[in-house]
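Here is what each chain is made of, one letter per residue.
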Amino acid sequence: MSIPTRLHHNAYVTHDMEATRHFYEDLIGMPLTATWCEKDELFGKERTYCHCFFGLSDDSALAFFQFAEKEDAELFGPKMPMSPFHHIALNVDKEFQAGVEKRLTEAGYQAPGFFVLEHGYCRSVYATDPNGMILELTVDDPRAADGAAERQANAHAELKRWLGGDHHSNNTFR
């Protein structure tokens, strides 16, 4: 069976593309790789928008739409929930993560919009973008790869155990 080869892009609505560009390109370090300026008949109305892509090393991207009409932005871009459990996580190396932490600190970011969590199997830096979306930049613990095959083999059994009410932690890295 074939599975998807990679993420092409994740898309969100922004009300301020320049603030979004500054965050992702200047602070996070993801280059602006494409800007599509478009006008389409969508859902019964002609809509004008800009669609910007911020690249990852595998040619996938985080993408953002900014609509010319405020009503379109309100219709298609509901407010992001402010929860650390609603986020997008990207894998990075230690050097990249440290650079982002430094740039965010120098730009005045602080908790709750910027924080670090040690999960054991990875270290994560969380930062809230200008749209309210939480971006997680993760560095895996090198030991986590050693047990990947076993975790995959046990994934269904662990889910069944947890759904059945046995909620003990299986994170042996903490």
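Residues numbered from 1 in each chain as written. Predicted model: local features only at pLDDT ≥ 70, side-chain atom pairs only at ≥ 80, totals over all residues. Heavy atoms only, no water.

Outline the side chain of T20, supporting the account with residue identities and numerical values.
Along the chain, T20 falls in helix α1 (residues 17–28). Judged by relative accessible area, which is 0%, T20 ranks as buried. There is a polar contact of 3.1 Å between the side chain of T20 and the side chain of N131. Apart from residues no more than four positions distant in its own chain, T20 is found in contact with T14, F54, F64, P130 and N131. (Helix = DSSP H or I, 4+ residues; strand = E, 2+ residues; numbered from the N terminus. Buried < 20%, exposed > 50% of the residue type's maximum accessible area, 1.4 Å probe, protein only. Polar contact = N/O pair within 3.5 Å; in protein donor to acceptor, adjacent residues only side chain to side chain. Contact = heavy atoms within 4.5 Å.)

Break down the packing of aromatic side chains for me, citing the residues and quoting the values.
Throughout the structure, instances matching the rule amount to 12 aromatic pairs. Here F23 and Y24 contribute two aromatic rings whose centre-to-centre distance is 4.9 Å and whose plane-to-plane angle is 80 degrees, an arrangement assigned as edge-to-face. By the burial criterion, F23 is buried, and Y24 matches it. With centroids separated by 5.7 Å and ring planes inclined at 40 degrees, the aromatic side chains of F43 and F76 adopt a geometry described as tilted. Here F76 lies in helix α2 (residues 70–76) and F43 lies in the loop between β2 (32–42) and β3 (45–55), a separation of 33 residues in the sequence. Judged by its relative accessible area of 70%, F43 falls in the exposed class. Here F76 falls in the partly exposed class, since its relative accessible area comes to 27%. Members of the aromatic cluster, connected to one another through ring pairs, are Y12, F23, Y24, F54, F64 and Y109. (Phe/Tyr/Trp six-rings, centres within 6.5 Å; stacked < 30°, edge-to-face > 60°.)

In short, the description is geometric, and any link to function would need to be established separately.
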